[in-house]
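Residue-level listing of the chains:
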Amino acid sequence: MHSMDEIESRVDSKFRFVLLSATRAEQLMRGAKPRVGLRSTKVARVAMEELLDGCVEWSYGPPPQAEAQDGESLASLSENAGPSGVA
């Protein structure tokens, strides 16, 4: 069993670890071959072990960019926003 220190040294947050594990578990359910020796028959456990053992590569991807829709500028979008900041 891995400690939380090990998780945080491999992945920047617990939330991202859960997302990555879920994505990998879905791949395993669809037929991907496990990259670690099977200690468990549960795909979620196998996916977590793969991440912690460094068998699965991941990246943040490109940073998101805000885009105005329908020709509106970003300034006009924020001016039309209600009190909660949502247009």
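On a predicted model such as this, the values are computed, not experimentally measured, just so you know.

Glancing now at the overall build of the protein chain. Along the backbone of the protein chain there are four helices and zero strands. In the protein chain, the succession of α and β elements from N to C terminus is α-α-α-α.

Now for the packing of helix α2 (residues 14–29) against helix α3 (residues 43–52). Helix packing geometry: the angle between the two helix axes and the distance between the axes. α3 packs onto α2 with a crossing angle of 120° between their chain directions and a minimal axis gap of 8 Å. The orientation of α2 with respect to α3, classified from their angle, is oblique. Read as a crossing pair, α2 and α3 show a hand that is right-handed. Seen from α2, the contacting residues are Phe17, Leu20, Ser21, Arg24, Ala25, Leu28 and Met29; seen from α3, they are Val43, Ala44, Val46, Ala47, Met48, Glu50, Leu51 and Leu52. A class-by-class count of the residues in the contact of α2 with α3 yields 12 nonpolar, one polar and two charged.

Another point: the nonpolar core. Among the nonpolar cores identified, the biggest contains seven residues, and these are Ile7, Val11, Phe17, Leu20, Leu51, Leu52 and Val56. Listing elements by their share of this core, those giving two or more residues are α2 and α3. Each residue touching Val56, except ones within four places of it in the same chain, is listed here: Arg24, Arg35, Glu50 and Leu51. The next biggest cluster of nonpolar side chains, apart from the first, holds five residues, and it includes Ala25, Leu28, Val36 and Val46.

Within the secondary structure, Ser21 is located in helix α2. On the basis of relative accessible area, Ser21 is assigned to the buried category, the value being 7%. Separated by 29 residues in sequence, Ser21 and Glu50 place their C-alpha atoms 8.6 Å apart.

Take α3 next. Residues of α3 that are buried include every one of Val46, Ala47, Glu49, Glu50, Leu51 and Leu52, and no others. Gly54 occupies a position one or two residues after α3 and carries a positive phi of about 80°.

Here we come to the environment of Arg16. With respect to the helices and strands, Arg16 occurs in helix α2. Between the C-alpha atoms of Arg16 and Tyr60, which are 44 residues apart in sequence, the distance is 9.9 Å. In this structure, Arg16 is in contact with Val11, Trp58 and Tyr60, ignoring residues within four places of it in sequence.

The rules behind these values
Residues numbered from 1 in each chain as written. Predicted model: local features only at pLDDT ≥ 70, side-chain atom pairs only at ≥ 80, totals over all residues. Heavy atoms only, no water. Helix = DSSP H or I, 4+ residues; strand = E, 2+ residues; numbered from the N terminus. Axes fitted to C-alpha atoms, helices over the stretch in contact; angles between N-to-C directions. Parallel < 35°, antiparallel > 145°, perpendicular 65-115°, else oblique. Left-handed = near helix turned anticlockwise from the far one by under 90°. Contact = heavy atoms within 4.5 Å. Nonpolar A, V, L, I, M, F, W, Y, C, P; charged D, E, K, R; others polar. Core = buried A, V, L, I, M, F, W, Y, C linked by side-chain atoms within 4.5 Å. Buried < 20%, exposed > 50% of the residue type's maximum accessible area, 1.4 Å probe, protein only.

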